[in-house]
Amino acid sequence: MSRNWISRLTGPLAVFAVLAVIAFASLAASSPAMAQSGLDPKLVQELQGGQTLQGGSVPGNVEGTSPISEQWRDVRRGLRGTVSIPDKKAGVLVQSEGENWRNMHNGPLSTYSIWVIAGMIVVLALFFLIRGRIRIEQGKSGTTITRFKDFERFGHWLLAVSFIILALSGLNLLYGRYWLLPAIGPEAFGTITLWGKFVHNYLSFAFMLGLAIILLMWAVHNIPNRYDLIWMSKAGGLFTKHSHPPARKFNAGQKVLFWLVILGGVSISLSGWSLLFPFEYPMFAKTFEILNMLGFNWILGFDLPTTLTPMQEMQFAQLWHAILAVFLIAVILGHIYIGSIGMEGAFDAMGSGEVDLNWAKEHHSIWVEEMTESDAEATKPAPAE
Amino acid sequence: MARMKFLCDAERCIECNACVTACKNEHEIPWGINRRRVVTINDGNEGERSISVACMHCSDAPCMAVCPVDCFYQTEEGVVLHSKDLCIGCGYCFYACPFGAPQYPQVGNFGSRGKMDKCTFCAGGPEDNFSDAEFQKYGRNRLAEGKLPLCAEMCSTKALLAGDGDVVSAIYRERIVSRGFGSGAWGWGKAYPGGAS
């Protein structure tokens, strides 16, 4: 806005006129070549000549306002000019979106992420205190049944280990500056975080591979069926003792987890891909366009922006990547809980792959029936060691 | 203590790119890195104006605020500097910076960024003044030599001004008054909101 500099001008002008007179007296002898000091004698003469400069008027009365002032407003709104250097993105003089990104990153993202994660831990702790460890009601049978083959466990642990390291190195980026840095000092923290970045970049591929493996292996077992409704109606027996709704290989809870991991994992991989190859794989404008078409704009009450600058693409990718990561961390905390201290006998499924028969009968009754039927034709159940 | 600022007078900049070249030469900046650049709006049309832009050494610097390793610091003169020993090249400062100042050499695989590089207001970095390490990482420390940034020092039209913010703005005000027009101290509203130092 032209008003901006005019108003900036009128205030100091009075002071300036006085200063100019003083300065003229003292600096008249100094070299005019010293561009960074001294004042133009001609200007002082002009001012002394009694020209009135007030009320927002501009001395000289030439080109004081538009059309150029219009352009500066557009520049402040992110107008891209031309540059002679190869990176044409550098033609953007001001990207005000950076401020929004900063406010989101340092504001809600940092604030709420920790509440989501801490909240999940508190909920799990309360669940543990109230419900306690879910025991095998019939006790261990002494006989085991193969729940997950070696390759299934490999896929799971590839995904799990990479996820945990990705999560920790990611959280370090968000909170390390405030928690870890003061504890270990800037040098050690800088080194750890740098390695964290490398590990985060490379392990992302292990994560994606793990995700692909479990998708191929387990998608068919995670198609919803009629048992899921029963399981859901009884909340899986999680909150009621002696309740063991039937399930096949995976119960409804596991299916929800599976699809959350798959959808969340694919989305976090895609946004991560955008971040890994900066500015090369913009995805958000297209995604927003599809979401608008699907009616999300109606739900939100506004249209999602479908024209984004390359910078905005990166900013959205970073924010979405982080939001999704926090969500998945919270979900996986629940998964880790129920797969370890939350339930007796559950860890064996992914540990040795051999679960106790009584555990299997309580939690995956239909699956056990199916397995023992086919096993009876092939081999006998392996005896416990 | 003087508060160092850049000011580019769009009515004077002739897009000669000498500031860019001077900067590259003075600090021996590698290919692909531009601590300073000249942007032209309305190129070839009426109202064409050019602005030379680099790090504006903001009062409430967004880069400092978002850096995950807290590698930035601001000198008593308001110059925003950073430590390349701590920088991990995550790109966050680039996402936050309104002026597109941070630059990254591409190193290694994918689009992985090296240590961030940006305008230092010719003030070096955390290494000892005039040390080889300082020059290698951050370039010349002209401020410690008692000189101002080279880009502005050698600007042929004196479009680009660098130095004590009060002096720089006084010169610019003088120009506006004498010639009767100007497009404002470009970027100052963004870099120094509320006129804060």
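The rules behind each value
Residues numbered from 1 in each chain as written. Chains lettered and ligands numbered in written order. Predicted model: local features only at pLDDT ≥ 70, side-chain atom pairs only at ≥ 80, totals over all residues. Heavy atoms only, no water. Helix = DSSP H or I, 4+ residues; strand = E, 2+ residues; numbered from the N terminus. Buried < 20%, exposed > 50% of the residue type's maximum accessible area, 1.4 Å probe, protein only. Contact = heavy atoms within 4.5 Å. Areas by Shrake-Rupley, 256 points an atom, 1.4 Å probe, with all protein chains shown as cover. Lys, Arg positive; Asp, Glu negative; His and termini not counted. Charge placed at Lys NZ, Arg CZ, Asp CG, Glu CD. Polar contact = N/O pair within 3.5 Å; in protein donor to acceptor, adjacent residues only side chain to side chain. Patch = residues over 30% accessible without salt bridge, like charges linked within 9 Å, V, L, I, M, F, W, Y side chains within 5 Å. Salt bridge = Lys/Arg side-chain N within 4 Å of Asp/Glu carboxyl O. Buried area = accessible area lost by both parts, 1.4 Å probe. pLDDT = per-residue confidence, 0-100. Core = buried A, V, L, I, M, F, W, Y, C linked by side-chain atoms within 4.5 Å. Axes fitted to C-alpha atoms, helices over the stretch in contact; angles between N-to-C directions. Parallel < 35°, antiparallel > 145°, perpendicular 65-115°, else oblique. Nonpolar A, V, L, I, M, F, W, Y, C, P; charged D, E, K, R; others polar. Disulfide = S-S within 2.5 Å.

1. What about the overall build of chain B?
Logical step 1: A tally of regular secondary structure across chain B gives 7 helices and 6 strands.
Logical step 2: C-alpha atoms of chain B, sized along the principal axes, occupy 50 × 40 × 30 Å.
Logical step 3: The buried share of chain B, taken over its 197 residues, is 64%.
Logical step 4: The contacts of chain B with a sequence gap of at least 6 include a subset with a gap of at least 24, amounting to 56%.
Logical step 5: Just so you have it, chain B exposes about 7,100 Å², and 49% of that area is on carbon and sulfur atoms.
Logical step 6: Averaging the locations of the 21 positively and 23 negatively charged side chains of chain B gives two centres separated by 3 Å.

2. Topic: the side chain of arginine 179 of chain B
Logical step 1: Residue placement: arginine 179 of chain B occurs in helix 6 (residues 165-179).
Logical step 2: Here the side chain of arginine 179 of chain B touches aspartate 9 of chain B through a polar contact of 2.9 Å, side chain to side chain.

3. Examining a nonpolar patch on the surface
Residue and element names in this part refer to chain A.
Logical step 1: A grouping of Ile290, Leu294, Phe296, Trp298, Ile299, Leu300 and Phe302 is seen on the molecular surface, where their side chains present a nonpolar patch of about 830 Å² in accessible area.
Logical step 2: The element that contributes the greatest number of residues to the nonpolar patch is helix 10 (residues 296-300), accounting for 4 residues.
Logical step 3: Inspection of the secondary structure assignment puts phenylalanine 296 in helix 10.
Logical step 4: Accessibility expressed as a relative area gives 36% for phenylalanine 296, which makes it partly exposed.

4. Re the environment of valine 80 of chain B
Residue and element names in this part refer to chain B.
Logical step 1: With respect to the helices, strands and loops of the structure, valine 80 is situated in strand 5 (residues 80-82).
Logical step 2: Spatially, the C-alpha atom of valine 80 lies 9.6 Å from that of lysine 118, the residues being 38 residues apart in sequence.
Logical step 3: Setting aside chain neighbours within four positions, we find valine 80 in contact with His57, Cys58, Ala61, Cys63, Met64, Phe72, Tyr73, Gln74, Lys118 and Cys119.

5. Here we look at the interface of chain A and chain B
Logical step 1: The partner chain B presents 63 residues to the 67 residues of chain A that form the contact.
Logical step 2: Overall, the association of chain A and chain B removes approximately 5,600 Å² of surface from exposure, summing both partners, and the carbon and sulfur fraction of that is 62%.
Logical step 3: On inspection of chain A and its partner chain B, the count reaches 3 salt bridges.
Logical step 4: When the shortest N-O distance is used, the salt bridge between arginine 102 of chain A and aspartate 60 of chain B registers 3.0 Å.

6. Description of the confidence of the model for chain B
Detailed conclusions should not be drawn from predicted coordinates in areas where pLDDT is low.
All names here are of chain B.
Logical step 1: Across chain B, pLDDT averages 92, with 96% of residues at or above 70.
Logical step 2: Of all helices and strands in chain B, the one with the weakest mean pLDDT is helix 7 (residues 188-191) (88), whereas strand 5 scores best (98).
Logical step 3: The complex model carries a pTM of 0.84, and its ipTM stands at 0.92.

7. A look at unusual backbone geometry
Logical step 1: Positive phi, close to 50°, is recorded for alanine 235 of chain A, a residue that is not glycine.
Logical step 2: Structurally, alanine 235 of chain A is set in the loop between helix 7 (226-233) and helix 8 (252-276).
Logical step 3: The phi dihedral of histidine 57 of chain B is positive, around 55°, even though this residue is not glycine.
Logical step 4: Here histidine 57 of chain B shows up in the loop between strand 3 (49-53) and helix 2 (62-66).

8. Quick notes on the nonpolar core
Logical step 1: If you look at the biggest cluster of nonpolar residues, it comprises 86 residues, and the most contacted ones within it are Leu93 of chain A together with Phe6, Ile51, Phe72, Phe99, Leu160 and Trp186 of chain B.
Logical step 2: Phe148, Leu328, Val331 and Val368 of chain A belong to the second-largest nonpolar core, a separate cluster that totals 39 residues.

9. Some thoughts on the environment of methionine 217 of chain A
All names here are of chain A.
Logical step 1: Mapped onto the fold, methionine 217 is located in helix 6 (residues 186-218).
Logical step 2: Separated by 66 residues in sequence, methionine 217 and phenylalanine 151 have C-alpha atoms that sit 9.2 Å apart.
Logical step 3: When near neighbours in sequence (up to four residues on either side) are disregarded, methionine 217 contacts Phe151 and Glu152.

10. Some details on the packing of helix 9 (residues 284-293) of chain A against helix 11 (residues 310-339) of chain A
All names here are of chain A.
Logical step 1: Contact geometry for helix 9 and helix 11: axes closest at 9 Å, N-to-C directions at 70°. Relative to helix 11, the element helix 9 is oriented roughly perpendicular. Seen from helix 9, the contacting residues are Phe284, Ala285 and Phe288; seen from helix 11, they are Glu313, Phe316, Ala317 and Trp320.
Logical step 2: Partitioned by chemical class, the residues of the contact of helix 9 with helix 11 number 6 nonpolar, no polar and 1 charged.

11. Looking at the pattern of salt bridges
Logical step 1: What the rule picks out here adds up to 19 salt bridges over all chains.
Logical step 2: With a shortest N-O distance of 2.8 Å, lysine 249 of chain A and glutamate 152 of chain A are connected by a salt bridge. In this pair, lysine 249 of chain A is assigned in the loop between helix 7 and helix 8 and glutamate 152 of chain A in helix 5 (residues 150-184), connecting sequence segments 97 residues apart.
Logical step 3: Look at lysine 249 of chain A and you get buried, because its relative accessible area is 10%.
Logical step 4: Overall, the relative accessible area of 8% leaves glutamate 152 of chain A in the buried class.
Logical step 5: One salt bridge connects aspartate 85 of chain B with lysine 137 of chain B, and the closest N-O pair in it is separated by 2.9 Å. Taken together, the positions of aspartate 85 of chain B in the loop between strand 5 and helix 3 (92-96) and lysine 137 of chain B in helix 4 (residues 132-138) put the pair 52 residues apart, joining distant regions of the chain.
Logical step 6: When its relative accessible area of 46% is taken as the criterion, aspartate 85 of chain B is described as partly exposed.
Logical step 7: One salt-bridge network, held together by shared partners, links Asp9, Arg175 and Arg179 of chain B.

12. A short note on the state of the cysteines
All names here are of chain B.
Logical step 1: Evaluation of the coordinates by the stated rule reveals 0 disulfides over all chains.
Logical step 2: Residue cysteine 97 stays outside any disulfide, its sulfur separated by 6.4 Å from that of cysteine 58, the closest cysteine.
Logical step 3: For cysteine 97, a relative accessible area of 9% gives the class buried.
Logical step 4: With no disulfide of its own, cysteine 122 lies closest to cysteine 151 among cysteine sulfurs, the gap being 6.0 Å.

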